Amino acid sequence: EVVKHSFHSLNSARKILVAENDTKKSVDGILKDLDIKGSIDYGVTAISLGSTDFGGLYSEKPLAVISPAGADDVGQVIRHALQSPTLTVAARGNGHSVNGQAMAHLGLVIDMKSMADNKKIDVNVNYMYVDVGGGALWGDVLKHCVSEYGLAPKSWTDYLHLTVGGTLSNAGVSGQAFRFGPQTSSVTELEVVTGNGEKIVCSNSQNSQLFFSVLGGLGQFGIITRARVLLQPAPDMVRWIRVVYNEFDDFTHDAELLITSQETFNYVEGFVFVNSDDPVTGWPSVPLNSNQSFDPTLLPKKIGPVLYYLELVLHYSNHDDPSTLNMMVEKLLGKLKYLEHLRFETNLAYMNFLLRVDHVEEAARGSGIWATPHPWLNMFISKKDIDAFNRIVLQNILKSGVNGPILTYPLLRSKWDNRSSVVLPQDEIFYLVALLRFTHTHPKESEIKQMVAQNQEVVQTCIKNGFDFKLYFPHYESTVEWKRHFGDQWERFVDRKRQFDPKAILAPGQKIFTRNH
Ligand code: FAD
């Protein structure tokens, strides 16, 4: 048996080697004139990196994965692809998409995270901005800006192992976005390599068409190789608070009050949790540290299957008088109608707060569920439909939770620049809804299918009820659906494509356009 097994393994290894050699020959042919300072890799490990993402639902093998030395290499790769009739190019940030958006079937994946230019994180203290490579991780930008200069970008995502170019190609939202807009609203300049292979610096006043096309442009118009991000003084500490609601009306009323008041918290988010003792989705998911616990006897007798909490943060400095800080917290909380005594709070260094999801990642890696599939669904829904969405979707379809966090919090449309490529619902106030699903440790295919089907059910329910919504990180397979997604912005999107990537070389994994000659 052992001999048979060894022989079999040897044969498989030989087959892989032959296949690798064949690929190498064909790639060598296609890429023989590609002259870059960085590296081209068509080995098994590189191809596996290029064909996987956080979602774990799709896999498209590229021909090769490129680690560029800088923007000029990115330009070489795109110009090379332009000369071929079929090659496509996908920038891969940290591959944290969930539906294969950073993949390129038999194309070239550019591993932006490995770009040598990322090492330059240049802070300009006088003008309060940082110039940073498109493949840099937001976590590295944070650590550098705070520890070296006491400064920080204004708008974040909840999790920071995401690249600058990756989030700017979507929007980048978290609890600061009600005040500063998404991350795309605090960028003043970009260096972009377009689908025409040209390296162009653009801003609000210089090549502005390209600038606004690329922001929220789903990677369709150019590859972001550098971004200029606005900074502000970083606080030392945060007071981190969660307050619980059983009435959705009170929850949304308070959330909207906070995001529209002058005097308010620095961060406002909202979550949905299940009225049960489930450690992942229920009461235990609410307290902020292990010495706090959720006492369900404090809940009213008659309540629905799901409850809500607002997550709030107030910045402060080490020099602030604690009693002044407490007074400010009480004043802000005093306006809210949360359930008395169901309030949790803690103090944390600012940087630790922004890196808070690292602990979740560590635990999920430990139990194996970071690497299993994540059929996530993110959407924006107009305020006018959020009550009905709560009744039909949150309290009903999702009444048992999604085995991971459900986020819902309001944002202000006026903080988003409508010249960017992102499309939003109509109302000035709209809600982000995020279903961040995790599977069990060894998920059966049926478990994943069920999750995907439930996402579809949610989307179909929104369509059937005529809700005004847009997918965030949209994923569609047909032109009809993409047209519907962009609505009256479709023509503008197509025009931008014609101008900046006429051969549809870039980001084929989004499945919006097809490569043409
Ligand atoms: P990738 O997934 O690698 O790429 C995304 C798309 O952008 C692809 O089409 C790719 O081709 C393109 N692209 C990548 N880099 C560039 C570039 N330099 N220039 C042009 N196009 C490029 N999002 C939020 O807004 N808020 C959150 O709080 C948030 N939390 C998250 C938490 C987790 C655990 C995860 C997995 C994701 C989260 N996201 C959040 C989603 C995240 O913003 C997206 O996954 C986004 O795509 C960034 O990931 P990435 O850098 O890995 O990009």
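Residues numbered from 1 in each chain as written. Predicted model: local features only at pLDDT ≥ 70, side-chain atom pairs only at ≥ 80, totals over all residues. Heavy atoms only, no water.

**Considerations on the overall build of the protein chain**
Along the protein chain, the regular secondary structure elements total 15 helices and 18 strands. Taking 24 Å as the expected radius of gyration for a compact globule of 517 residues, we find that the protein chain reaches 24 Å, a close match to that expectation. Along the longest, intermediate and shortest principal axes, the C-alpha atoms of the protein chain span 70 × 65 × 45 Å. Residues counted as buried form 56% of the 517 residues belonging to the protein chain. (Helix = DSSP H or I, 4+ residues; strand = E, 2+ residues; numbered from the N terminus. Rg over C-alpha atoms; globule rule 2.2 N^0.38 Å. Buried < 20%, exposed > 50% of the residue type's maximum accessible area, 1.4 Å probe, protein only.)

**A short note on the pairing of strand E18 (residues 469-472)**
Neither face of E18 is exposed, since Phe469 and Leu471 on one face and Lys470 and Tyr472 on the opposite face are all buried. As judged from the four bridges shared by strand E15 (residues 377-382) and E18, these two strands associate in the antiparallel manner. The residue of E18 that forms the bridge with Met379 is Leu471. (Pairing = 2+ DSSP bridges.)

**A few points about the confidence of the model for the protein chain**
Taken as a whole, the protein chain shows an average pLDDT of 95; of its residues, 95% reach a score of 70 or greater. Overall fold confidence (pTM) sits at 0.95, and the ipTM for the predicted complex is 0.99. (pLDDT = per-residue confidence, 0-100.)

**So, the side chain of Arg226**
The topology assignment puts Arg226 in strand E10 (residues 222-233). A polar contact of 3.0 Å, which involves the side chain of Arg226, links it to the side chain of Asp131. Within polar-contact distance, the side chain of Arg226 engages the side chain of Glu189 at 2.8 Å. Contacts of Arg226, omitting those with residues within four sequence positions, involve Asp131, Val132, Gly133, Gly134, Glu189, Leu190, Glu191 and Val201. (Polar contact = N/O pair within 3.5 Å; in protein donor to acceptor, adjacent residues only side chain to side chain. Contact = heavy atoms within 4.5 Å.)

**Points about empty space enclosed by the protein**
Counted under the stated rule, the structure contains two cavities of 30 Å³ or more. Within this model, the largest cavity holds a volume of roughly 100 Å³. Asn170, Leu218, Val422, Pro474 and His485 are the residues nearest the centre of the largest cavity, which is lined by 14 residues in total. Broken down by secondary-structure element, the contributors of at least two residues to the lining of the largest cavity are E18 and helix H14 (479-486). Looking at the lining of the largest cavity, its residues break down into nine nonpolar, five polar and no charged. Of the pockets and cavities examined, the second largest cavity occupies roughly 60 Å³. (1 Å grid on protein atoms, 1.4 Å probe; cavity = no way out; pocket = protein on both sides within 12 Å on 5 of 7 lines; lining within 4 Å. Points joined across faces, edges and corners; volume = space filled by probe spheres on them. Nonpolar A, V, L, I, M, F, W, Y, C, P; charged D, E, K, R; others polar.)

**What about the packing of aromatic side chains?**
Summed over all chains, the structure comprises 30 aromatic pairs. Arranged with centres 5.1 Å apart and planes meeting at 75°, the rings of Phe211 and Phe212 form a pair that is edge-to-face. Pairwise contacts between aromatic rings join Phe221, Tyr476, Trp482, Phe486, Trp490, Phe493 and Phe513 into one cluster. A cation over an aromatic ring shows up here: Arg242 above the ring of Phe271, its NZ or CZ 5.9 Å from the ring centre. The cationic tip of Arg356 hangs over the ring face of Phe353; the distance from NZ or CZ to the ring centre is 4.1 Å. (Phe/Tyr/Trp six-rings, centres within 6.5 Å; stacked < 30°, edge-to-face > 60°. Lys NZ or Arg CZ within 6 Å of the ring centre and 35° of its normal.)

**Quick look at H14**
Within the sequence span of H14, burial applies to Trp482, His485 and Phe486. Down the axis of H14, the smallest arc covering the buried residues is 85°, so these residues share one side. Residues of H14 that are exposed and angled more than 90 degrees away from the buried face: Val480 and Arg484. Structurally, H14 contributes buried residues whose contacts are with E18 and helix H15 (490-500). Backbone geometry just after H14 places Gly487 at a positive phi near 55°. (Arc of directions from axis to C-beta.)

**Describing the site of the ligand**
As a structural note, the neighbourhood of the ligand is formed by 33 residues, with Ala91, Gly93, Ser97, Asp158 and Tyr472 the closest of them. His96 places a polar main-chain atom, nitrogen or oxygen, 2.8 Å from an oxygen atom of the ligand. In this structure, an oxygen atom belonging to the ligand sits 2.7 Å away from a side-chain N or O atom of Thr163. Protein chains shield 95% of the accessible area of the ligand, which is 950 Å² for the free molecule. Taken together, the residues of the shell around the ligand break down into 13 nonpolar, 18 polar and two charged. (Near = heavy atom within 4 Å. Areas by Shrake-Rupley, 256 points an atom, 1.4 Å probe, with all protein chains shown as cover.)

**Side note on the sheet that holds strand E2 (residues 64-67)**
In any sheet, the strands associate via hydrogen bonds between backbone groups, in a parallel or an antiparallel arrangement. Here four strands make up an open sheet; going across it, the order is E1-E2-E4-E3 and the pairing mixed. Each having just a single partner strand, strand E1 (39-41) and strand E3 (89-92) make up the two edges of the open sheet. Mean inter-strand twist for the sheet, computed between neighbouring axes without regard to direction, equals 25°. Where E3 and strand E4 (residues 108-111) come together, four bridges link them in parallel fashion. By the bridge assignment for E4, Arg92 is matched with Asp111. (Axes fitted to C-alpha atoms, helices over the stretch in contact; angles between N-to-C directions.)

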